[in-house]
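Read off the chains here:
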Amino acid sequence: MTPLEVRASASLAGIFALRMLGLFLIMPVFSVFAQTIPGGNNTFLVGLAIGIYGLTQSLLYIPYGWASDRLGRKPVIIFGLIVFAIGSLVAALAHDLTWIIVGRAIQGAGAISSAVMACVADLTSDENRTKAMAMIGGSIGVSFAVAIVCAPFLYHWLGMSGLFSAIGILAVLAIFVVLWVVPTPPVHPKAGPAPFSEVLHNPELLRLNFGVFVLHATQTALFVAMPRMLVAAGLPVAQHWEVYLPVMGLSFVAMVPAIIAAEKRGKMKMVLLSAIALVAIAQAALGGLPPTVAVIATVLFVYFLGFNVLEASQPSLVSKLAPGQRKGAAVGVYNTTQALGLFCGGALGGFLMTHYGQNAIFLTCAAGAFVWLIIAAPMRTPAPRQS
């Protein structure tokens with residue numbers, strides 16, 4: 001990659017990761033915090049507060065992408081970051097669950113991911129675009145790892161209001177990154193209507209879209225129950241990092257060589273199917289094994305190994321498998337289904353927790369992942385890289 005491509009990809013990956021931090025930072029602690037505010041005993045509303053971010057994102061990805069085609073990438077990205085910062089402020093000032101839900105919805109309305117992806121496509125050559133997309137995918141995994149480890153400590157230090165305020169400040173700083181670090185994309189002729197039909201009928205992309213929906217639905221649902229589960233096992237919120245840090249660190253160490261070997265040797269399909277199986281097995285284990293801290297930590301390692309492999313590799317596969325010049329449309333649909341998964345997982349997790357208990361969440365998520373494994377089994381993957 002050229003220096004300009006590296007600069008563009010790294011800076012835009014950082015901005016993309018910031019957007020995901022807006023979701024991830026509250027997930028490990030919010031269900032415990034919610035018990036201290038009015039309305040927080042309603043676990044359905046707790047799940048809604050976590051997941052509504054994804055709903056408003058999913059509704060606005062395509063309009064933001066359309067606007068970026070006509071108004072320019074940078075103005076749309078900056079506007080989205082301003083909206084995101086406003087939502088963070090609303091959530092930081094909230095004193096009950098209802099206003100936190102409103103703030104989360106406004107955060108999600110800063111749905112800049114499609115504009116960021118289009119900007120990456122503008123600033124990278126065809127042969128290097130997959131690497132740039134992989135950096136974006138990897139940044140999501142890194143942001144999740146940072147959030148899952150740091151959130152309990154930050155919550156203990158800053159409180160939930162301070163956590164939302166910190167997220168808003170990061171959004172404002174990201175605006176300066178857009179202005180001063182991200183290269184200005186070249187001006188292209190105005191695009192016609194997005195050709196989604198070609199993307200929506202592609203079976204390989206449909207498998208990936210279904211997969212990212214299930215991946216993020218099960219992830220969000222998991223964290224409706226997990227913080228309370230660790231507290232019940234005898235680990236205070238301020239010490240949750242003692243589980244998350246080694247789990248995330250070891251899972252990343254195990255993930256990287258697996259993906260590199262899979263890419264070089266043409267074994268990506270086997271690795272992806274194995275990762276889906278790990279997600280399914282881990283969710284089933286959480287619903288069936290004794291909920292001790294040691295058991296939870298072991299099962300979470302299995303889960304995050306599968307999750308991180310899928311999160312880092314699937315966006316790259318989308319860009320490789322998109323038909324012809326339809327990469328932008330393919331990524332837009334992929335991002336939309338991802339965000340819908342975030343919303344549905346939070347809402348479903350809260351509903352199941354309220355009416356059937358936490359084990360129902362894990363067993364339902366395991367069933368969804370096993371269905372995904374069956375659907376993904378016939379998938380084809382691109383040929384391995386030539387060294």
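What counts as what
- Residues numbered from 1 in each chain as written.
- Predicted model: local features only at pLDDT ≥ 70, side-chain atom pairs only at ≥ 80, totals over all residues.
- Heavy atoms only, no water.
- Helix = DSSP H or I, 4+ residues; strand = E, 2+ residues; numbered from the N terminus.
- Buried < 20%, exposed > 50% of the residue type's maximum accessible area, 1.4 Å probe, protein only.
- Contact = heavy atoms within 4.5 Å.
- Areas by Shrake-Rupley, 256 points an atom, 1.4 Å probe, with all protein chains shown as cover.
- Core = buried A, V, L, I, M, F, W, Y, C linked by side-chain atoms within 4.5 Å.
- Domains from an automatic or database assignment.
- pLDDT = per-residue confidence, 0-100.
- Axes fitted to C-alpha atoms, helices over the stretch in contact; angles between N-to-C directions.
- Parallel < 35°, antiparallel > 145°, perpendicular 65-115°, else oblique.
- Left-handed = near helix turned anticlockwise from the far one by under 90°.
- Nonpolar A, V, L, I, M, F, W, Y, C, P; charged D, E, K, R; others polar.
- Phe/Tyr/Trp six-rings, centres within 6.5 Å; stacked < 30°, edge-to-face > 60°.
- Salt bridge = Lys/Arg side-chain N within 4 Å of Asp/Glu carboxyl O.
- Polar contact = N/O pair within 3.5 Å; in protein donor to acceptor, adjacent residues only side chain to side chain.
- Patch = residues over 30% accessible without salt bridge, like charges linked within 9 Å, V, L, I, M, F, W, Y side chains within 5 Å.

S.K.: For this particular structure, what's the right way to read the overall build of the chain?
M.R.: A tally of helices and strands in the chain yields 14 helices and zero strands. Going from N to C terminus, the chain has its helices and strands arranged as α-α-α-α-α-α-α-α-α-α-α-α-α-α. Within the chain, the fraction of its 387 residues that count as buried is 57%. Counting contacts in the chain only where the partners sit at least 6 residues apart, residues at least 24 apart contribute 87% of the total. When the accessible surface of the chain is split by element, carbon and sulfur atoms take 72% of a total near 15,100 Å².

S.K.: I would appreciate a short explanation of the environment of P183 in the present structure.
M.R.: Mapped onto the elements of the fold, P183 is located in the loop between α7 (126-180) and α8 (196-200). For the pair P183 and L12, spaced 171 residues apart in the sequence, the C-alpha separation amounts to 9.8 Å.

S.K.: Before we go on, may I ask you to explain the nonpolar core in this structure?
M.R.: Here is a general trend for soluble globular proteins: nonpolar side chains tend to be buried in one another's company. Core analysis: the biggest nonpolar cluster contains 133 residues, and F30 and M226 have the highest contact counts within it. In terms of residue count, α7 provides more of this core than any other element does, 18 residues in total. Of the residues that make up this core, three or more belong to each of domain 1 (3-180) and domain 2 (197-377). Those residues in contact with M226 that lie beyond four places of it in its chain are Y244, L286, I296 and L300.

S.K.: Any chance you could explain the confidence of the model for the chain here in plain terms?
M.R.: Close inspection of predicted coordinates is inappropriate in any region flagged by low pLDDT. Per-residue confidence for the chain gives a mean pLDDT of 85; residues scoring 70 or more make up 89%. Put simply, α8 is where the chain has its lowest mean pLDDT, 66, and helix α14 (residues 358-376) is where it has its highest, 95.

S.K.: It is not clear to me how the packing of helix α4 (residues 73-93) against helix α6 (residues 113-123) should be interpreted in this structure. Could you clarify?
M.R.: A pair of packed helices can be characterised by two numbers: the angle between their axes and the separation between those axes. It is at 9 Å that the axes of α4 and α6 come closest, and there the two elements cross at 150 degrees. Here α6 runs roughly antiparallel to α4, going by the angle between their axes. The two elements α4 and α6 meet at a crossing, and its hand is left-handed. Residue-level contacts link R73, V76 and I77 of α4 to A115, V116, A118, C119 and D122 of α6.

S.K.: It is not clear to me how the packing of helix α3 (residues 43-71) against α6 should be interpreted in this structure. Could you clarify?
M.R.: At a minimum axis distance of 7 Å, the contact between α3 and α6 shows a crossing angle of 40 degrees. By the angle between their directions, the pair α3 and α6 is classed as oblique. On the side of α3, the interface is formed by Y61, Y64, G65 and S68, while α6 contributes S113, S114 and A115. Partitioning the contact of α3 with α6 into residue classes produces three nonpolar, four polar and no charged.

S.K.: What's the story with the packing of aromatic side chains in this structure? I'm lost.
M.R.: By convention here, two paired aromatic rings are described through the distance between centres and the angle between planes. Here the structure, examined in full by the defined rule, presents 12 aromatic pairs. Arranged with centres 6.4 Å apart and planes meeting at 40 degrees, the rings of Y64 and F79 form a pair that is tilted. Of this pair, Y64 sits in helix α3 while F79 sits in helix α4, placing them 15 residues apart in sequence. Taking relative accessible area as the criterion, Y64 reaches 9% and is therefore assigned buried. Ring pairing ties together the aromatic residues F223, Y244, Y303, F304 and F307, which thus form one cluster.

S.K.: How do you make sense of the pattern of salt bridges when you look at a structure like this?
M.R.: Any two side chains of opposite charge can pair, so long as their charged atoms come close to each other. One pass over the structure, following the stated rule, counts two salt bridges. Between E204 and R207 there is a salt bridge, with the nearest N and O atoms lying 3.0 Å from each other. Of the two residues, E204 and R207 both sit in helix α9 (residues 203-232), three residues apart, roughly one turn of that helix. The same class applies to E204 and to R207, which are both buried.

S.K.: What should I look at first to understand the environment of A366 in this one?
M.R.: In this structure, A366 sits in helix α14. C-alpha separation for the pair A366 and A282, spaced 84 residues apart in sequence, amounts to 7.7 Å. Filtering out sequence-adjacent residues up to four positions away, A366 remains in contact with A280, Q283 and A284.

S.K.: Help me understand the side chain of S11 in this model?
M.R.: Along the polypeptide, S11 turns up in helix α1 (residues 3-24). Of the polar contacts made by the side chain of S11, one reaches the backbone oxygen of R7; its length is 2.8 Å. In contact with S11, not counting residues within four places along its chain, are V177, V181 and V182.

S.K.: How should I be thinking about α6 in this particular structure?
M.R.: Residues lying three or four places apart along an α-helix face the same way, a consequence of the helix completing one turn every 3.6 residues. Of all 11 residues making up α6, 10 are buried, and the element is well covered by its neighbours. Within α6, burial applies to S113, S114, A115, V116, M117, A118, C119, V120, D122 and L123.

S.K.: Sorry, what's going on with a nonpolar patch on the surface here?
M.R.: Side chains of I169, L170, V172, L173, F176, L179, W180 and V181 sit close together on the surface and give an oily, nonpolar patch of about 760 Å² of accessible area. Relative to the elements of secondary structure, L170 occurs in helix α7. Taking the relative accessible area as the measure of exposure, L170 reaches 38% and is therefore partly exposed.

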